[in-house]
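The residues making up each chain are set out below.
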Amino acid sequence: MWATVGRKERACPPVPSPVTGEVEARLIALACSAPPEGHARWSLHLLEKHVALVEDIPALDHSTIGRVLKKRNCVLT
(Lines give C-alpha, C1' and ligand atoms only; values in the text may rest on other atoms or scores of the structure.)
Protein backbone atom coordinates (compact mmCIF):
# COMPACT_ATOMS: atom_id res chain seq x y z
CA MET A 1 0.00 0.00 0.00
CA TRP A 2 2.75 2.50 0.83
CA ALA A 3 4.56 1.86 -2.44
CA THR A 4 1.74 3.48 -4.43
CA VAL A 5 1.74 6.67 -2.34
CA GLY A 6 5.36 7.66 -3.06
CA ARG A 7 6.65 9.11 -6.31
CA LYS A 8 8.62 7.02 -8.73
CA GLU A 9 12.25 8.08 -9.25
CA ARG A 10 13.13 9.38 -12.72
CA ALA A 11 15.46 7.21 -14.78
CA CYS A 12 17.14 10.28 -16.31
CA PRO A 13 17.03 13.99 -15.45
CA PRO A 14 14.71 16.32 -17.40
CA VAL A 15 16.14 17.99 -20.49
CA PRO A 16 16.64 21.76 -20.03
CA SER A 17 14.86 24.07 -22.47
CA PRO A 18 17.01 25.60 -25.23
CA VAL A 19 15.09 28.86 -24.78
CA THR A 20 16.85 30.96 -22.16
CA GLY A 21 16.18 34.60 -21.34
CA GLU A 22 18.89 35.74 -23.75
CA VAL A 23 17.56 33.57 -26.58
CA GLU A 24 14.07 34.87 -25.90
CA ALA A 25 15.26 38.49 -26.03
CA ARG A 26 17.16 37.93 -29.29
CA LEU A 27 14.13 36.22 -30.83
CA ILE A 28 11.79 39.06 -29.86
CA ALA A 29 14.25 41.65 -31.18
CA LEU A 30 14.45 39.74 -34.46
CA ALA A 31 10.65 39.51 -34.73
CA CYS A 32 10.33 43.27 -34.09
CA SER A 33 12.95 44.16 -36.71
CA ALA A 34 12.25 44.83 -40.37
CA PRO A 35 11.56 41.68 -42.39
CA PRO A 36 14.05 40.59 -45.05
CA GLU A 37 13.89 42.08 -48.50
CA GLY A 38 11.13 40.59 -50.60
CA HIS A 39 8.85 39.91 -47.61
CA ALA A 40 6.14 42.19 -46.26
CA ARG A 41 6.28 40.76 -42.71
CA TRP A 42 7.85 38.06 -40.56
CA SER A 43 6.11 34.69 -40.48
CA LEU A 44 6.90 31.87 -38.05
CA HIS A 45 8.46 29.79 -40.82
CA LEU A 46 10.55 32.74 -42.00
CA LEU A 47 11.73 33.34 -38.43
CA GLU A 48 12.57 29.64 -38.13
CA LYS A 49 14.74 29.79 -41.26
CA HIS A 50 16.45 33.00 -40.14
CA VAL A 51 17.14 31.70 -36.60
CA ALA A 52 18.85 28.65 -38.12
CA LEU A 53 21.33 31.01 -39.84
CA VAL A 54 22.22 32.94 -36.66
CA GLU A 55 25.04 31.20 -34.81
CA ASP A 56 24.38 32.23 -31.20
CA ILE A 57 20.70 31.22 -31.23
CA PRO A 58 19.94 27.47 -31.13
CA ALA A 59 17.85 26.09 -33.98
CA LEU A 60 14.21 26.34 -32.91
CA ASP A 61 11.04 24.93 -34.43
CA HIS A 62 8.39 27.39 -35.67
CA SER A 63 5.97 26.16 -32.99
CA THR A 64 8.53 26.92 -30.26
CA ILE A 65 9.08 30.38 -31.72
CA GLY A 66 5.32 30.94 -31.75
CA ARG A 67 5.02 29.88 -28.09
CA VAL A 68 7.82 32.26 -27.05
CA LEU A 69 6.24 35.18 -28.91
CA LYS A 70 2.77 34.37 -27.59
CA LYS A 71 4.07 34.10 -24.03
CA ARG A 72 5.53 37.62 -24.30
CA ASN A 73 2.42 38.93 -26.11
CA CYS A 74 4.34 39.73 -29.30
CA VAL A 75 1.95 39.55 -32.22
CA LEU A 76 3.35 39.16 -35.74
CA THR A 77 1.53 41.57 -38.04
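Parameters and conventions
Residues numbered from 1 in each chain as written. Predicted model: local features only at pLDDT ≥ 70, side-chain atom pairs only at ≥ 80, totals over all residues. Heavy atoms only, no water. Core = buried A, V, L, I, M, F, W, Y, C linked by side-chain atoms within 4.5 Å. Buried < 20%, exposed > 50% of the residue type's maximum accessible area, 1.4 Å probe, protein only. Helix = DSSP H or I, 4+ residues; strand = E, 2+ residues; numbered from the N terminus. Contact = heavy atoms within 4.5 Å.

Draft legend 1. Looking closely at the nonpolar core. Judged by nonpolar contacts, the single largest core of 16 residues is most densely connected at Leu-27, Leu-47, Val-51, Leu-60, Ile-65 and Leu-69. Those elements that provide at least two residues to this core are helix H1 (21-32), helix H2 (44-53) and helix H3 (62-71). Apart from the residues lying within four places of it in its own chain, the contact partners of Leu-27 are Val-51, Leu-60, Ile-65 and Val-68.

Draft legend 2. A look at the side chain of Glu-24. Within the secondary structure layout, Glu-24 lies in helix H1. For Glu-24, the contacting residues outside a window of four places in its chain are Val-19, Val-68, Lys-71 and Arg-72.

Draft legend 3. Here's a closer look at the environment of Thr-20. By the secondary structure assignment, Thr-20 is in the segment before H1. Along the chain, Thr-20 and Ile-57 lie 37 residues apart, while their C-alpha atoms are 9.9 Å from each other.

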